[in-house]
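Below are the chains, spelled out letter by letter.
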Amino acid sequence: MTIEKITHSIRQTVFSLFETNFGKRPEAVRVSANEKCLIIRIEGFLGSIMETMIAEKSYGALNSTRELIVGYMLSQLDQDLSSELNLDVAHFYYDWNDSDLSCTISVILREDEHYALDDPYPGKEEVHQKVVDITQKVQKVPEKIHSFWVDGDFLVVIRGGLLIELETALLEAGHESALRIAKRKVEKRYFAQKMNLAKIVGRQPTGVYLDWAFDLDRSMIVYSFDSETSR
């Protein structure tokens, strides 16, 4: 099956999952893919409800609602990707952007192969150095960094070996949700404001999404950009 057919099928699957489970389709779904990763960008779902929560600063309810929505969907999406499209899913990462009410679900395929492959692109060394500098400010230098572009509009950065002893203790005590919320608040601010990607890659990002696989001690950062075809 071609990439075009796979992305079209996933897009229709996501629309169907939302309509079946929540009675409402998102305004838009875009799916980008390569041999390593799928990026599913969902826009405008439950817009007025989310906007009210953000305006009222009901962040606890907002985070809970988002986690329930995506968490409920992922098991079904995983099943559909495996059974219908025969895709080998290694891990899901997801995050939301308050400014445009978008959600990005990132699907890593064959994760162990990522670090064995080189993905050169202009500015890669500078991107990695900025990631090291920023990560060191909030926790420690990553033991491993890998990055690549998906569909020309999403820059993916995977960091490995991040957890410090305090974070490990919090996870062992069952505080994964609180740790994720705190890390998102701190790290997203730094990665949104300090990366200076416009200077490094020549394009201004429109959003940044972060998530962690604490069991693997890995994190995924996704920067979204306006489509090159519209520039």
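Preceding this paragraph is the structure being described.
Caption draft 1: Structural context of the nonpolar core. Within the largest apolar cluster, 28 residues are counted, with the highest numbers of intra-cluster contacts made by Ile 10, Ile 40, Leu 81, Ile 105 and Val 107. For this core, the secondary-structure elements that each account for two or more residues are helix 1 (3–22), strand 1 (28–33), strand 2 (37–43), helix 3 (59–83), strand 3 (89–97) and strand 4 (102–109). Look past the residues within four positions of Ile 10 in its chain and what remains in contact with it is Val 31, Leu 38, Ile 40, Leu 81, Leu 85 and Leu 87. One finds Val 132, Ile 134, Leu 155 and Ile 221 within the second-largest nonpolar core, a separate group that totals 23 residues.

Caption draft 2: Here's a closer look at the sheet that holds strand 7 (residues 205–213). Strand order across the open sheet formed by four strands is 5-6-8-7, with antiparallel pairing between neighbours. Both edges of this open sheet fall to strand 5 (144–150) and strand 7, since each of them pairs with a single strand only. Ignoring strand direction, the axes of neighbouring strands in this sheet form an average angle of 15 degrees. Note that strand 6 (residues 154–160) and strand 8 (residues 218–225) share seven bridges and pair antiparallel. Paired with Arg 159 across the bridge in strand 8 is Ser 219. Contacts from helix 4 (residues 124–138) reach strand 5 and strand 6 within the one sheet, and its direction differs from that of strand 5 by about 130 degrees. Contacting strand 6, strand 7 and strand 8, helix 6 (residues 176–193) crosses the sheet at an angle of about 145 degrees to strand 7.

Caption draft 3: Layout of helix 4. The end-to-end C-alpha separation of helix 4 is 22 Å, in line with the 21 Å expected for 15 residues at 1.5 Å each. All of the buried residues in helix 4 are Lys 124, Val 127, His 128, Val 131, Val 132, Ile 134 and Thr 135. Contacts made by the buried residues of helix 4 are with strand 5, strand 6, helix 6 and helix 7 (197–201).

Caption draft 4: Local environment of the side chain of Asp 153. Its place among the elements puts Asp 153 in the loop between strand 5 and strand 6. We classify Asp 153 as buried; its relative accessible area is 2%. At 3.1 Å, the side chain of Asp 153 and the side chain of Arg 203 are in polar contact.

Caption draft 5: Structural view of the pairing of strand 7. For strand 7, a buried count of seven out of nine residues is recorded, marking the element as mostly surrounded by other parts of the structure. Pairing between strand 7 and strand 8: eight bridges, direction antiparallel. Bridging from a neighbouring strand, Trp 212 pairs with Ser 219 of strand 8. A loop of four residues connects strand 7 with strand 8, the two strands running antiparallel in sequence, and Asp 217 in this loop sits at a positive phi of about 55 degrees.

Caption draft 6: Examining the packing of helix 5 (residues 165–172) against helix 6 more closely. Relative to each other, helix 5 and helix 6 sit at 140 degrees, their axes nearing to 8 Å. When the axis of helix 5 is compared with that of helix 6, the two are oblique. Mapping the contact onto sequence places Glu 167, Leu 170 and Leu 171 in helix 5 and Glu 176, Leu 179 and Lys 183 in helix 6. Tallied by class, the residues present in the contact of helix 5 with helix 6 amount to three nonpolar, no polar and three charged.

Caption draft 7: Spatial organisation of the environment of Trp 212. Topologically, Trp 212 is positioned in strand 7. Between the alpha carbons of Trp 212 and Phe 92 there is a distance of 9.4 Å; along the sequence they are 120 residues apart. When residues no more than four places from it in sequence are discounted, the contact partners of Trp 212 are Tyr 93, Arg 159, Leu 162, Arg 180, Lys 183, Arg 184, Glu 187, Arg 218 and Ser 219.

Caption draft 8: The packing of aromatic side chains, seen in detail. In this structure the tally under the stated criterion is three aromatic pairs. With centroids separated by 6.3 Å and ring planes inclined at 90 degrees, the aromatic side chains of Tyr 121 and Trp 149 adopt a geometry described as edge-to-face. With Tyr 121 in the loop between strand 4 and helix 4 and Trp 149 in strand 5, the pair connects residues that are 28 residues apart, well separated along the chain. We classify Tyr 121 as buried; its relative accessible area is 12%. The exposure class of Trp 149 is partly exposed, given its relative accessible area of 22%. Centroid distance Trp 149 to Phe 225: 5.2 Å. Interplanar angle 45 degrees. Geometry classified as tilted. Highlighted residues: Trp 149 in strand 5 and Phe 225 in strand 8, separated in sequence by 76 residues. Of the residues examined, Phe 225 reaches a relative accessible area of 4% and is grouped as buried. Through successive ring pairs, a cluster of aromatic residues spans Tyr 121, Trp 149 and Phe 225. One cation-aromatic arrangement involves Arg 25 over Phe 15; the distance from NZ or CZ to the ring centre is 4.2 Å.

Thresholds, definitions, all that
Residues numbered from 1 in each chain as written. Predicted model: local features only at pLDDT ≥ 70, side-chain atom pairs only at ≥ 80, totals over all residues. Heavy atoms only, no water. Core = buried A, V, L, I, M, F, W, Y, C linked by side-chain atoms within 4.5 Å. Buried < 20%, exposed > 50% of the residue type's maximum accessible area, 1.4 Å probe, protein only. Helix = DSSP H or I, 4+ residues; strand = E, 2+ residues; numbered from the N terminus. Contact = heavy atoms within 4.5 Å. Pairing = 2+ DSSP bridges. Axes fitted to C-alpha atoms, helices over the stretch in contact; angles between N-to-C directions. Expected span 1.5 Å × (residues − 1). Polar contact = N/O pair within 3.5 Å; in protein donor to acceptor, adjacent residues only side chain to side chain. Parallel < 35°, antiparallel > 145°, perpendicular 65-115°, else oblique. Nonpolar A, V, L, I, M, F, W, Y, C, P; charged D, E, K, R; others polar. Phe/Tyr/Trp six-rings, centres within 6.5 Å; stacked < 30°, edge-to-face > 60°. Lys NZ or Arg CZ within 6 Å of the ring centre and 35° of its normal.

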